[in-house]
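Below, each chain spelled out in residue letters.
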Amino acid sequence: MSRIGRMPIAIPAGVTVDIAENNKVTVKGPKGTLERVLPSEMEIKIEDGHIVVTRPNDLKKMKSLHGLTRTLINNMVVGVTNGYAKVLEINGVGYRAQKQGNKLVLSLGYSHPVEMIDPEGLTTTLEGQNKITVSGIDKEKVGQYAAEIRDKRRPEPYKGKGIKYADEVIRRKVGKTGKK
């Protein structure tokens, strides 16, 4: 039995969960509303304040979908109650970020500034000029947008310049050695 899939999801106060046909799950909470169509093979039920996901049989595909379905619902519940945030750090001389309305302007050593418009439902905030926080209620979108920002200038292994996640460790390399 899937250990993750078996665990019930507690529905916190102030959160409503609706399950329509074809397993369309809508989660409403203090931070907003998320909806998602989940695999129709899984059986999703609400039992005394908890969401329970069960699978029809023990085929390999069903086993893998079981844990996934439960995790996706849990991410939605956590998103509408607490929200998600990813912190990015910019390292490098002259590398900086600025905010203009809902536009993020990055100076990353290119001949032009890189401009990125915040997607719907996500906000970016700056701490100083080199810390960007991407926050929102959809875990997938937060992670995706943070990855897109990081992609504009990935950290390099010699000096560590570029945009990295706050909790990321860059494996450093030793540079060239002089000829003897």
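Provided above is the structure to which this section pertains.
All of the points below concern the structure found in this document.

**Considerations on the sheet that holds strand β7 (residues 84-91)**
Neighbouring strands of a sheet are bound in pairs by backbone hydrogen bonds; such pairs are parallel or else antiparallel.
Okay, so step 1: What the four strands build is an open sheet, ordered β11-β12-β7-β13; its pairing is antiparallel. At either margin of the open sheet sits one strand with a lone partner, and together these are β11 (122-127) and β13 (162-165). On average, adjacent strands in this sheet sit at an angle of 25° to one another, irrespective of strand direction.
Okay, so step 2: Here β11 pairs with strand β12 (residues 131-136) via six bridges, running antiparallel. Each bridged residue has a counterpart across the sheet, and for T124 the counterpart in β12 is V134.
Okay, so step 3: Where helix α3 (residues 139-151) meets the sheet, its contacts fall on β7, β11, β12 and β13, and the angle it forms with β7 comes to roughly 10°.

**With respect to the packing of aromatic side chains**
Okay, so step 1: Counting across every chain of the model gives zero aromatic pairs.
Okay, so step 2: If you follow K86 out to its NZ or CZ, it ends over the ring of Y165, 5.2 Å from the centre.

**What about the sheet that holds strand β8 (residues 96-100)?**
Okay, so step 1: Sheet architecture is open: three strands sit in the order β8-β9-β10, paired in antiparallel fashion. Strands at the two margins of the open sheet, each flanked by one partner only, are β8 and β10 (114-117). Ignoring which end each strand starts from, the neighbouring axes of this sheet average 20° apart.
Okay, so step 2: Lying over the sheet, α3 contacts β9 (103-107) and β10, oriented at roughly 170° with respect to β10.

**Comments concerning helix α2 (residues 60-81)**
Okay, so step 1: Taking 1.5 Å per residue, 22 residues should reach 32 Å; α2 reaches 33 Å between its end C-alpha atoms and fits that length.
Okay, so step 2: Within two residues after α2, G83 carries a phi angle of roughly 85°, on the positive side.

**A short note on the pattern of salt bridges**
Okay, so step 1: Counting across every chain of the model gives 10 salt bridges.
Okay, so step 2: Across the pair E41 and K61 runs a salt bridge, and its minimum N-O distance is 3.7 Å. With E41 in the loop between β4 (32-37) and β5 (43-47) and K61 in helix α2, this residue pair connects regions lying 20 residues apart in the sequence.
Okay, so step 3: Residue E41 is classed as partly exposed on the basis of its relative accessible area of 32%.
Okay, so step 4: Its salt-bridge partner being R55, residue D58 comes within 3.1 Å of it at the nearest N-O pair.
Okay, so step 5: Given the relative accessible area of 55%, D58 is considered exposed.
Okay, so step 6: Judged by relative accessible area, R55 falls into the buried class, the value being 12%.

Rules used throughout
- Chains are numbered independently. Their residues run from 1 in the order of the written sequence.
- Whole-chain, interface and lining totals are the exception, using all residues; otherwise, since this is a predicted model, local features are given only for residues with pLDDT of at least 70 and side-chain atom pairs are given and counted only at 80 or more.
- Only heavy atoms go into the side-chain values, all of them from the structure, while hydrogens and water stay out.
- When DSSP finds two or more bridges between a pair of strands, those strands are recorded as paired.
- Runs of E in the DSSP output that reach at least two residues are strands. Runs of H or I that reach at least four are helices, and both are numbered from the N terminus.
- Only the contacting stretch of a helix is used when fitting its axis, a line to C-alpha atoms as for every element, and angles between N-to-C directions run 0 to 180 degrees.
- The contact definition used throughout considers only heavy atoms, calling two residues in contact when any of these lie within 4.5 Å.
- Ring pairs are drawn from Phe, Tyr and Trp, using the six-membered ring of Trp, whenever the two centres fall within 6.5 Å, and their geometry is named by plane angle: stacked under 30 degrees, edge-to-face over 60, tilted for the rest.
- We call a charge positioned above a ring when the Lys NZ or Arg CZ atom is no farther than 6 Å from the ring centre and deviates by at most 35 degrees from the ring normal.
- The span expected for a helix works out to 1.5 Å for each residue beyond the first.
- Just to be clear on terms, a salt bridge is a Lys or Arg side-chain nitrogen sitting within 4 Å of an Asp or Glu carboxyl oxygen.
- A 1.4 Å probe rolled over the protein chains alone gives each residue an accessible area, and that area as a share of the maximum for its type sets the label: buried under 20%, exposed over 50%, partly exposed in between.

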